[in-house]
Amino acid sequence: MNRIFTALLLSCLMSPVVGLADSIGYCVDDGEGLYYLELVPMEAAAAGKTRELNTLVAVHGLGDSPGGFARLFGGREVDCRLIFPRGPLLHGRGYSWFEVEISDGRVKWFSLEQLLRSAGEIARLSSNLQVASKPAVFGFSQGGMLSFVLAAMYPDLFERFIPVAGYLPAEVNIKEPTDGRVQLRVIHGEQDRLIPIDKARDSARRFSERGAAVVFEQLPGQGHSLRGMSFEDICR
């Protein structure tokens, strides 16, 4: 492994991928400045059948990384293609998708412009993937907000949207899909202080009013975390 590839891999991961059974990982630069980690089953990769797999685009939250977020799927036999894009901004030991100000455990301000730009980058990456069917998109926190924004602005790019602990900013309008109904599975912790659950409920209501098929799941006693969630929870 040459030094350039090693540096690229480490910068993409930042933290190790733990226990992804029978999978192989690639760290990729899409050619326009967006890095992502791709995980595929070894058997499918060896047979050249990666493009035939179902694809999930998984978008990390504030201060996380592709490698760190991939630990959610640790210890599982992955039977789909996993794409973990990396936020463009450094934040602590990880990355961020947009600038944000947090005070007293609440979001006080964030850059809507950077949020929309990041959504556009993820949409571009997803549209360029060589896939047999539309991917799904799942995101937590900042990634949850991006999942909502992608559902609002790029409804035809994805099979379904799974925002966790996120919401759709009021400034973002919802576009009508041209191909069927938007499928949304919204997951939110009942005790989330950083992004109160009422914001997620309001976002779900806005989509429902525009004809989307929305399932809202409230996690009793859960705060702003992915505690207790697993690959099966996300992909079912």
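Every value quoted in this text rests on a predicted model; they were computed, and no experiment measured them.

(A) Broad picture of the overall build of the protein chain. Summing up its helical and strand segments, the protein chain has seven helices and twelve strands in all. Expressed as a percentage of the 236 residues in the protein chain, the buried residues total 48%. Here the contacts in the protein chain between residues at least 6 apart in sequence split such that 67% fall between residues at least 24 apart.

(B) Layout of the nonpolar core. V57, L150, F161, L168, L184 and F207 are the most contacted members of the largest nonpolar core, which has 37 residues in total. Elements with a contribution of two residues or more to this core: β3 (55-59), α4 (112-128), α5 (142-153), β11 (183-189) and α6 (197-209). Ranked by residue count, the leading element in this core is α5, at seven residues. L168 has contacts with F148, V149, A152, I174, S203, R206 and F207, leaving out every residue within four places of it along the chain.

(C) Representation of the environment of G139 within the structure. Looking at the secondary structure, you find G139 in strand β9 (residues 136-140). Classification of G139 by relative accessible area gives buried; the value is 0%. The sequence separation of G139 and V59 amounts to 80 residues, and the corresponding C-alpha distance is 4.4 Å. Setting aside anything within four residues of it in sequence, one finds G139 in contact with V59, G144, S147, I162, P163 and V164.

(D) Focus on a positive patch on the surface. A contiguous patch of positive charge, built from R106, K108, R193 and K199, is present on the exposed surface. As for its position among the elements, K108 is in strand β8 (residues 106-110).

(E) Geometry of the packing of α4 against α5. For the pair α4 and α5, the least separation of the axes is 10 Å and the interaxial angle reads 70°. Judged by the angle between their axes, α4 and α5 are roughly perpendicular. Counting all contacts with α4, which are made through L115, L116, S118, A119, I122 and A123, the residues of α5 involved are M145, L146, V149, L150 and M153.

(F) Just α5, in detail. Spanning twelve residues, α5 covers 16 Å between terminal C-alpha atoms, matching the ideal 16 Å at 1.5 Å per step. By the criterion of burial, α5 is predominantly enclosed, with eleven of the twelve residues buried.

(G) Local environment of the side chain of R206. Note on placement: R206 falls in helix α6. Polar contacts involving the side chain of R206 include one to the main-chain carbonyl oxygen of V172, which spans 2.6 Å. Setting aside its immediate chain neighbours within four residues, R206 contacts L168, P169, A170, V172, N173 and I174.

(H) Focus on the packing of aromatic side chains. Counting across every chain of the model gives five aromatic pairs. When the centroid spacing of 6.4 Å and the interplanar angle of 90° are considered together, the rings of F69 and F84 count as edge-to-face. With F69 in helix α3 (residues 66-70) and F84 in strand β4 (residues 81-85), the pair connects residues that are 15 residues apart, well separated along the chain. For the residue pair F69 and F84, the accessibility class agrees, reading buried in each case. With 5.5 Å between their ring centres and 65° between their planes, F158 and F161 make a pair best called edge-to-face. Taking relative accessible area as the criterion, F158 reaches 3% and is therefore assigned buried.

(I) Broad picture of the packing of α5 against α6. Axis separation between α5 and α6 bottoms out at 12 Å; the angle between their running directions is 15°. Classed by the angle they form, the pair α5 and α6 counts as roughly parallel. At the point where α5 passes α6, the crossing takes the left-handed sense. Contact residues: F148, A151 and A152 in α5; A200, S203 and F207 in α6. Grouping the amino acids of the contact of α5 with α6 by side-chain chemistry returns five nonpolar, one polar and no charged.

(J) Representation of the environment of V137. With respect to the helices and strands, the residue V137 is situated in strand β9. A relative accessible area of 0% places V137 in the buried class.

Parameters at a glance
- Residues numbered from 1 in each chain as written.
- Predicted model: local features only at pLDDT ≥ 70, side-chain atom pairs only at ≥ 80, totals over all residues.
- Heavy atoms only, no water.
- Helix = DSSP H or I, 4+ residues; strand = E, 2+ residues; numbered from the N terminus.
- Buried < 20%, exposed > 50% of the residue type's maximum accessible area, 1.4 Å probe, protein only.
- Contact = heavy atoms within 4.5 Å.
- Core = buried A, V, L, I, M, F, W, Y, C linked by side-chain atoms within 4.5 Å.
- Patch = residues over 30% accessible without salt bridge, like charges linked within 9 Å, V, L, I, M, F, W, Y side chains within 5 Å.
- Areas by Shrake-Rupley, 256 points an atom, 1.4 Å probe, with all protein chains shown as cover.
- Salt bridge = Lys/Arg side-chain N within 4 Å of Asp/Glu carboxyl O.
- Lys, Arg positive; Asp, Glu negative; His and termini not counted.
- Charge placed at Lys NZ, Arg CZ, Asp CG, Glu CD.
- Axes fitted to C-alpha atoms, helices over the stretch in contact; angles between N-to-C directions.
- Parallel < 35°, antiparallel > 145°, perpendicular 65-115°, else oblique.
- Expected span 1.5 Å × (residues − 1).
- Polar contact = N/O pair within 3.5 Å; in protein donor to acceptor, adjacent residues only side chain to side chain.
- Phe/Tyr/Trp six-rings, centres within 6.5 Å; stacked < 30°, edge-to-face > 60°.
- Left-handed = near helix turned anticlockwise from the far one by under 90°.
- Nonpolar A, V, L, I, M, F, W, Y, C, P; charged D, E, K, R; others polar.

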